[in-house]
Amino acid sequence: MITALLLSVTILQASVPFMVELPRGEVRPLYLTKDSPLTQVAPFRLDTTPVTNRQFSDFVRQHSHWQSKQAPALFVEAQYLSHWPDNGPAPEQQAQPVTYVSWFAASAYCQAQGKRLPTVSEWEYVAQASELAANGSKEPGYTQRILSWYARPATDALTRVGQGPANYWQVYDMHGLVWEWTQDFNTALVTGESRGDSALDQGLFCGSGAAGSADPSDYAAFMRFGFRSSLKAPYTLGNLGFRCAQDIAPVSSSGGTQ
């Protein structure tokens with residue numbers, strides 16, 4: 001009986017991502033100057049690893065309209081979950097991050113867990129951490145390590161989630177495994193000042209585009225924003241996965257949650 005209990009706990013842990021609670025913070029939008037206001041990030045929770053094939057297959061079994069042959073063409077491209085055999089992910093795929101999922105499918109998964117996709121600001125806030133600091137962007141070699149991964153062929157085989165070192169917040173795989181969907185990926189070029197949005201440099205993929213960023217040396221962040229701006233919600237790519245976030249209910253003056 002004890003063996004069965006331990007086995008059920010192991011299965012549960014493998015099926016449900018752990019979450020960490022992130023404190024209030026701030027992050028600088030890419031296309032603002034060093035004197036511009038930082039974007040404030042409210043406290044929130046984030047999955048410690050990307051969602052795996054096993055976790056997503058559990059979801060589609062329970063929500064059959066998101067199975068590969070059932071999902072509406074309006075919400076997914078033809079290659080949606082095309083890397084799975086007909087009966088679901090192969091054994092060696094179980095612990096790998098799920099890919100070939102659209103923004104719509106990723107968002108539906110998170111909602112089914114009582115969660116949501118992280119915003120760009122939340123994702124960047126966590127991603128700027130190194131193993132030792134909440135903001136490791138100034139550490140020697142920090143940006144180069146990330147760029148080295150971006151330079152790898154997209155056809156490289158994926159490893160299991162959580163195999164590399166955790167960052168300062170004990171979150172894994174923010175870099176080095178897959179690109180990730182964010183809730184507001186399609187607002188990557190919006191400054192928040194509607195009068196200025198029409199004047200944004202649309203030559204995003206030219207090297208000169210980085211010259212207007214807050215930190216031109218941070219080409220890794222520049223590439224992420226460029227990648228996000230190229231996406232459309234139904235896209236399903238072999239190197240694009242996701243993880244979920246969750247709001248933290250504010251504490252009332254009486255000590256309870258509101």
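First, a word on scope: everything that follows refers to the structure included in this document.

Rules used throughout
Residues numbered from 1 in each chain as written. Predicted model: local features only at pLDDT ≥ 70, side-chain atom pairs only at ≥ 80, totals over all residues. Heavy atoms only, no water. Phe/Tyr/Trp six-rings, centres within 6.5 Å; stacked < 30°, edge-to-face > 60°. Lys NZ or Arg CZ within 6 Å of the ring centre and 35° of its normal. Axes fitted to C-alpha atoms, helices over the stretch in contact; angles between N-to-C directions. Helix = DSSP H or I, 4+ residues; strand = E, 2+ residues; numbered from the N terminus. Parallel < 35°, antiparallel > 145°, perpendicular 65-115°, else oblique. Left-handed = near helix turned anticlockwise from the far one by under 90°. Contact = heavy atoms within 4.5 Å. Nonpolar A, V, L, I, M, F, W, Y, C, P; charged D, E, K, R; others polar. Pairing = 2+ DSSP bridges. Buried < 20%, exposed > 50% of the residue type's maximum accessible area, 1.4 Å probe, protein only.

### Some remarks on the packing of aromatic side chains
Right, so step 1: In total, this model carries 14 aromatic pairs according to the counting rule given.
Right, so step 2: Here a set of aromatic residues connected by ring pairs shows up, and it is made of Trp66, Phe75, Trp103, Phe104, Trp181 and Phe185.
Right, so step 3: Here arginine 228 stacks its cationic end above the ring of tryptophan 123, 5.3 Å away from the centre of that ring.
Right, so step 4: It is arginine 228 that lies over the ring of phenylalanine 225; its NZ or CZ is 5.3 Å from the centre.

### Here's the deal with the packing of helix H4 (residues 120-127) against helix H7 (residues 219-229)
Right, so step 1: One way to put it is that H4 packs onto H7 with a least axis distance of 12 Å and a crossing angle of 155°. Between H4 and H7, the angle falls in the class roughly antiparallel. H4 and H7 meet at a crossing whose hand is right-handed. Residue-level contacts link Val120, Trp123 and Glu124 of H4 to Ala221, Arg224, Phe225 and Arg228 of H7.
Right, so step 2: A per-class count over the contact of H4 with H7 returns four nonpolar, no polar and three charged.

### Considerations on the sheet that holds strand S1 (residues 19-22)
Right, so step 1: An order of S1-S4-S7 is seen for the three strands of this open sheet, with the pairing classed as antiparallel. Single-partner strands in this sheet number two, and they are S1 and strand S7 (245-247). When the angles between neighbouring strand axes are averaged without regard to direction, this sheet yields 25°.
Right, so step 2: Of the strand pairs in this sheet, S1 and strand S4 (residues 44-47) are connected by four bridges, and their pairing is antiparallel. For glutamate 21, the partnering residue across the bridge sits in S4 and is arginine 45.
Right, so step 3: Packing of H4 onto the sheet brings it into contact with S1, S4 and S7, and relative to S4 it is tilted by some 70°.

### Here's the deal with unusual backbone geometry
Right, so step 1: A positive phi angle is found at leucine 81, which is not glycine, with a value near 55°.
Right, so step 2: Following the sequence through the fold, leucine 81 ends up in the loop between helix H2 (53-62) and helix H3 (103-112).
Right, so step 3: According to the relative accessible area criterion, leucine 81 is buried, its value standing at 3%.
Right, so step 4: Phi at aspartate 173 is positive, roughly 65°, even though this residue is not glycine.

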